[in-house]
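Take a look at the letters that make up each chain.
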Amino acid sequence: MELMDKIKTNAKKFNKRIVLPEAWEERTLRAADILLGEGIARIILLENPEVVHREALKFGLKNIGKATIIDPADHEKKEAYADLMVEIRKSKGLTKEEALKLIENPLYLATLMIKAGDADGEVAGANNATGDVLRPAFQYVKTLPGISVVSGAFIMIMPDKKWGEGGMMVFADCAVHPNPTAQELAEIAVCTAQTAKAIAEITPKVAMLSFSTKGSAKHEMVDKVVLATKLAQEMAPQFQFDGELQADAAIVESIGKLKCPGSPIAGQANVLVFPTLESGNIAYKLVQRLANAEAIGPVLQGLAAPINDLSRGCSVSDIVNLVAITANQAGGSY
Ligand code: ACO
């Protein structure tokens, strides 16, 4: 079975509640209709119910009646969520008045619903910038215990099956944190190994990438990757990490053997952890275009509950897929 089909089948079993805060938006409503029709997740739409029903009628959508629809401007838990916001942001001096205003923003409401246990995950970003989707998640859902930084992984599916695990690899961070410290890079590596295991269903062999292999170059950027590799191994001894490795030593068997004999990862890596966001973001886009790879994601990792960010150019099927991934994260990997 193809990976996305497996993910959708698992999502149906988990039957999670996924909140979609951009429920006035055509692609979001069309995706919700498919998700409800196929039973991939229970869907919560944040919008004035009249608007949702009017748009659903306009687009000929048959399943929207199965969604829970919550009006951000007027619903019974508004006060309770505002109190929760004030409690969480006490140290930042958030007032009740400010909270009541913020909670009318569907992106904040979605994260508060998750925090209060009224939803299991969120998918947004079809019509909002990454920062606007992530900020409420960072501030109210926060990170997993032991993790201080959120990052974004891509599952890369290459037509050439010789790479990674039958053509599948996981790359991170490609989406969120511009310049991680060694500790943060170690956390990103551990989260990515977890994503590879839980979502891509592969046994992670993690290469910590650099422009140097095992001391071939000396630089503080190399030192960061060396330290991050050590910290990742200490944090998650159940996974295999090796670094610092150059990309060719990580994925090409003959070069791995030559430059790094004895490494359990060199030449066979299926998870690539990049030293900075710019290298990760550039790499995934180049592989997507030049190798004609399918790039599934970004799958956000490190948050205490699954929240995923769409590209504003997303299609209806991108939204369906990301909801299914989010439901899998809610069901198993968090
Ligand atoms: N993990 C966890 N918490 C974070 C992170 C992170 N990676 N980054 C910021 N935070 C927290 C901060 O600690 C702060 O918390 P506080 O309010 O409790 O003090 C809060 O989030 C806001 O922090 P800011 O520094 O003000 O962060 P800002 O909201 O400006 O930026 C953002 C966060 C938008 C994610 C920024 O790091 C960014 O722009 N990253 C790049 C995103 C991007 O453009 N990616 C490439 C495109 S995506 C693609 O191609 C697939």
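In case you missed it, the structure is sitting above this.
All values derive from a computational prediction rather than experimental measurement.

Around the ligand there are 19 residues in total, and Arg 89, Arg 135, Val 150, Ala 175 and Val 176 lie nearest to it. Val 176 is positioned with one of its backbone polar atoms (N or O) 2.8 Å from a nitrogen atom of the ligand. One nitrogen or oxygen atom from the side chain of His 177 is found 3.3 Å from a nitrogen atom belonging to the ligand. In isolation the ligand offers 1,000 Å² of accessible surface; the protein chains occlude 60% of this area. For the shell around the ligand, the secondary structure elements donating two or more residues are helix 7 (130-141) and helix 12 (277-290).

Ordered by their spatial adjacency, 6 strands build an open sheet running 8-7-9-6-5-10, and the pairing between neighbours is mixed. Looking at which strands have only one partner, the edges of the open sheet turn out to be strand 8 (240-245) and strand 10 (294-301). On average, each strand axis in the sheet is inclined to that of its neighbour by 20°, with strand direction left out of account. In terms of strand pairing, strand 7 (residues 205-209) meets strand 8 through 5 bridges, oriented parallel. Bridging across to strand 8, Leu 209 finds its partner in Leu 245. Contacting strand 5 (151-157), strand 6 (168-172), strand 7, strand 8, strand 9 (271-273) and strand 10, helix 8 (residues 182-198) crosses the sheet at an angle of about 160° to strand 9. Helix-sheet contacts for helix 12 involve strand 5, strand 6 and strand 10, and the interaxial angle to strand 5 is about 20°.

Turning our attention to the side chain of Asp 309. If you trace the backbone, Asp 309 turns up in strand 11 (residues 307-309). Polar side-chain contacts of Asp 309 include one of 2.8 Å to the side chain of Thr 130.

Where helix 6 (residues 106-115) meets helix 7, the closest approach of the two axes is 9 Å, and the angle between their N-to-C directions is 30°. Judged by the inter-axis angle, helix 6 sits roughly parallel to helix 7. Crossing handedness for the pair helix 6 and helix 7: right-handed. From helix 6, Leu 107, Tyr 108, Thr 111, Leu 112, Ile 114 and Lys 115 reach across to helix 7, where they touch Asp 132, Val 133, Pro 136, Ala 137, Gln 139, Tyr 140 and Val 141.

So, on to the sheet that holds strand 4 (residues 121-124). Read across the sheet, 5 strands follow the order 3-2-1-4-11 without closing on themselves; strand pairing throughout is parallel. Single-partner strands in this sheet number two, and they are strand 3 (68-70) and strand 11. Each adjacent strand pair in this sheet contributes to an overall mean axis angle of 20°, direction not counted. With 4 bridges connecting them, strand 1 (residues 17-20) and strand 2 (residues 42-46) associate as parallel partners.

In this structure, the largest pocket encloses a volume near 660 Å³. Lining the largest pocket are 30 residues, and of these Phe 154, Ala 295, Gly 297, Pro 298 and Ser 311 lie nearest its centre. Broken down by element, the residue count for the lining of the largest pocket peaks at 6 residues, all from strand 10. Residue composition of the lining of the largest pocket, by class: 15 nonpolar, 9 polar and 6 charged. Viewed by domain, the lining of the largest pocket spans two of them, domain 1 (3-142 + 305-332) and domain 2 (151-295), each represented by three or more residues. Of the pockets and cavities examined, the second largest pocket occupies roughly 320 Å³. Taken together, 16 residues line the second largest pocket, and the ones lying closest to its centre are Phe 171, Ala 247, Ile 251, Leu 272 and Val 287.

With that settled, consider a nonpolar patch on the surface. On the surface, Ile 282, Leu 286 and Leu 290 cluster together into a nonpolar patch covering about 340 Å² of accessible area. Tracing the sequence through the fold places Ile 282 in helix 12.

Calculation notes
Residues numbered from 1 in each chain as written. Predicted model: local features only at pLDDT ≥ 70, side-chain atom pairs only at ≥ 80, totals over all residues. Heavy atoms only, no water. Near = heavy atom within 4 Å. Polar contact = N/O pair within 3.5 Å; in protein donor to acceptor, adjacent residues only side chain to side chain. Areas by Shrake-Rupley, 256 points an atom, 1.4 Å probe, with all protein chains shown as cover. Helix = DSSP H or I, 4+ residues; strand = E, 2+ residues; numbered from the N terminus. Pairing = 2+ DSSP bridges. Axes fitted to C-alpha atoms, helices over the stretch in contact; angles between N-to-C directions. Contact = heavy atoms within 4.5 Å. Parallel < 35°, antiparallel > 145°, perpendicular 65-115°, else oblique. Left-handed = near helix turned anticlockwise from the far one by under 90°. 1 Å grid on protein atoms, 1.4 Å probe; cavity = no way out; pocket = protein on both sides within 12 Å on 5 of 7 lines; lining within 4 Å. Points joined across faces, edges and corners; volume = space filled by probe spheres on them. Nonpolar A, V, L, I, M, F, W, Y, C, P; charged D, E, K, R; others polar. Domains from an automatic or database assignment. Patch = residues over 30% accessible without salt bridge, like charges linked within 9 Å, V, L, I, M, F, W, Y side chains within 5 Å. Salt bridge = Lys/Arg side-chain N within 4 Å of Asp/Glu carboxyl O.

By themselves, these observations are geometric and do not establish any function.
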